[in-house]
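# Residue-level structure breakdown
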Amino acid sequence: MSTPPGPPPGESPWARPDSHSGDAPPPPEPSAPDSVPPPGPAPQAAGPAPTGGLEAPADRSPSASMSMSMSMLRDPLALTLIFVTVIALALAGVIGAELIARRIADGKVARATECVVHDKASASFGVTPPFLWQHLTGNYTNISIHTAGNQVKDAKQMTADLSISDVDLHGSGDSKGTIGLLQATLTWPAAGIKETVQSMVPILGNLVSDLRTNAQDGTVELGGAFGLATVVVKPTVVNGGLSLQVQKLTGLGALTLPRETLQPELDRFAAALTKRYPLGLRADSIEVTDTGVVARFSTRNASIPRSDDPCFANL
């Protein structure tokens, strides 16, 4: 009789089978590592490290820029700031051009006046409308001119104040244009009258050592040395010009300067002062004050002639 096979070696013959004998045995627990690595920074992804500790630049793609622009255009405050900035820049440009053009024009008119009167002068154009508009249209509202008071042509120490209105430079033919109104006020102190008479009236100049004005009767008294000769004249307006009418001769003046000899000399003197005034200026009034003489001239709708006068070459 043969012996039945027994259990495999190493197992007890009396061991009960486990209820989970049909399942796979549980996996073995991982053994503890021999050593734990020291804590440290987490590993970073491979790639170029940022320089200088700064964050990576934001996305600059065209789509991002367009998105930002659209966002700004939808912002009312941003639109307002853009509009205000554009308007401010435009105004600054216009104002700068206005000031430069005005300065150039003032300088040209002043230099032309200085050439005519032989004295320093200043000029300014009216503020309204803007000078650029006046220049583009060829119509100037008003121009003011003032001289320094050293002389006006041959009249010593005379000051001229001119006001020019409604200048139209749309000329034709022999005319450059028209001037609606030109008014000139000439202020002449007594010292300047005496100096001018001494240089321009030879027959009287040697006798004049003193000159006084009398506002009460509107006369000018030319006195000789030591009161030996006195000539009293009255400035008046005659036919749009100035005239010095002899009123009285006393002392040696009555003997050496008879009226029929002196009056023609004074007439020539007055004519020489005003004969070269431009644009048909005519005397309106003359006033004798306690310090001198004030004469007012004017002309209306005057034609601006085309001439080769070098004084007006750059206008």
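- The name that an unreviewed UniProt entry assigns to the protein is DUF2993 domain-containing protein, with the source organism given as [Mycobacterium] kokjensenii.

### So, the sheet that holds strand 8 (residues 219-223)
- On the basis of which strands lie adjacent, the open sheet formed by four strands has the order 7-8-9-10 and antiparallel pairing. Where the open sheet ends on each side, the last strands, each with one partner, are strand 7 (210-214) and strand 10 (241-251). When the angles between neighbouring strand axes are averaged without regard to direction, this sheet yields 25°.
- Examined bridge by bridge, strand 8 and strand 9 (residues 229-238) share four bridges and lie antiparallel to one another. Bridge pairing links leucine 222 to valine 231 in strand 9.
- On the sheet, helix 4 (residues 190-200) packs against strand 7 and strand 8 and is oriented at approximately 130° with respect to strand 7.
- On top of the sheet, helix 7 (residues 259-274) reaches strand 9 and strand 10; it is set at about 150° to strand 10, its chief contact.

### Describing the environment of leucine 242
- Checked against the element boundaries, leucine 242 lands in strand 10.
- Remark: the alpha-carbon pair of leucine 242 and alanine 271, spanning 29 residues in sequence, is separated by 7.1 Å.
- Residue contacts for leucine 242: discarding those within four places in its chain leaves Thr236, Val237, Ala270, Thr274, Ala283, Ile286 and Phe297.

### Some remarks on the packing of helix 4 against helix 7
- One way to put it is that helix 4 packs onto helix 7 with a least axis distance of 11 Å and a crossing angle of 110°. Taken together, the axes of helix 4 and helix 7 are roughly perpendicular relative to one another. Along this stretch, helix 4 crosses helix 7, giving a crossing that reads as right-handed. When helix 4 is examined against helix 7, the residues Thr196, Val197 and Met200 are found in contact with a partner set consisting of Phe269, Ala272 and Leu273.
- Across the contact of helix 4 with helix 7, the residue classes tally to five nonpolar, one polar and no charged.

### So, the state of the cysteines
- Taken as a whole, this structure holds one disulfide when the rule is applied.
- Note on cysteine connectivity: cysteine 115 is disulfide-linked to cysteine 311, with sulfurs 1.9 Å apart. Between cysteine 115 and cysteine 311 the sulfur-sulfur dihedral comes to about -60°; the bridge is accordingly left-handed. With cysteine 115 in helix 2 (residues 76-117) and cysteine 311 in the segment after strand 12 (292-305), the pair connects residues that are 196 residues apart, well separated along the chain.
- A relative accessible area of 32% means that cysteine 115 is categorised as partly exposed.

### A word on the UniProt feature "transmembrane region" (unreviewed entry) in the protein
- With numbering matched to this structure, UniProt assigns "transmembrane region" (unreviewed entry) to residues 77-101.
- Helix makes up 100% of residues 77-101 and strand 0%. Its end C-alpha atoms lie 36 Å apart.

### Looking at the packing of aromatic side chains
- Enumeration over the complete set of coordinates arrives at four aromatic pairs.
- Ring centres 5.5 Å apart and planes at 55° place the aromatic pair phenylalanine 125 and tyrosine 140 in the tilted group. You can see phenylalanine 125 sitting in strand 1 (residues 121-125) and its partner tyrosine 140 sitting in strand 2 (residues 139-147), a full 15 residues away along the chain.

### Things to note about unusual backbone geometry
- Residue proline 129 is bonded to the preceding threonine 128 through a cis peptide linkage, with omega at -10°.
- Residue position: proline 129 is located in the loop between strand 1 and helix 3 (131-137).
- Backbone geometry at glutamine 157 places phi at a positive 60°, although glycine is not the residue there.
- You can see glutamine 157 is positioned in the loop between strand 4 (155-156) and strand 5 (159-168).
- Owing to a relative accessible area of 31%, glutamine 157 belongs among the partly exposed residues under this scheme.

### Looking at the pairing of strand 12
- By the bridge criterion, 13 bridges tie strand 6 (residues 175-189) to strand 12 in an arrangement that is antiparallel. Each residue of the ladder has a partner; that of threonine 178, found in strand 12, is serine 303.
- By the bridge criterion, six bridges tie strand 11 (residues 282-288) to strand 12 in an arrangement that is antiparallel. Bridging from a neighbouring strand, glutamate 287 pairs with valine 294 of strand 12.
- Hairpin connection from strand 11 to strand 12: three residues lie between these consecutive antiparallel strands.

Definitions and cut-offs
By convention here, each chain's residues receive numbers from 1 onward along its written sequence. The predicted nature of this model means local features are confined to residues of pLDDT at least 70 and side-chain atom pairs, given and counted, to a pLDDT of 80 or more, with totals for whole chains, interfaces and linings taken over all residues. Side-chain calculation: all heavy atoms of the structure are included, whereas hydrogens and water are not. Strands qualify as paired when DSSP identifies two bridges or more between them. A run of H or I in DSSP becomes a helix once it reaches four residues, and a run of E becomes a strand once it reaches two; helices and strands are each numbered from the N terminus. Fitted lines through C-alpha atoms give the axes, limited to the stretch in contact for helices. The angle between two N-to-C directions lies from 0 to 180 degrees. Note on definitions: a residue-residue contact is assigned when non-hydrogen atoms from the two residues lie within 4.5 Å. Working rule for angles: under 35 degrees goes down as roughly parallel, over 145 as roughly antiparallel, 65 to 115 as roughly perpendicular, anything else as oblique. Helix crossings get a hand from a simple test, with the near helix turned counterclockwise from the far one by less than a right angle marking a left-handed crossing and a clockwise turn marking a right-handed one. In this classification, the charged set is Asp, Glu, Lys and Arg, the nonpolar set is Ala, Val, Leu, Ile, Met, Phe, Trp, Tyr, Cys and Pro, and all remaining amino acids, among them Gly, are polar. Two cysteine sulfur atoms make up a disulfide if the distance between them is within 2.5 Å. Burial here depends on accessible area, computed with a 1.4 Å probe over protein chains only, as a share of the maximum for the residue type. Under 20% is buried, over 50% is exposed, and the range in between is partly exposed. UniProt positions are given in the numbering used here, feature names are shortened, and annotations may be inferred rather than shown by experiment. Only centres within 6.5 Å qualify two rings of Phe, Tyr or Trp (six-membered ring in Trp) as a pair; their planes then separate them into stacked at under 30 degrees, edge-to-face at over 60, and tilted for everything else.

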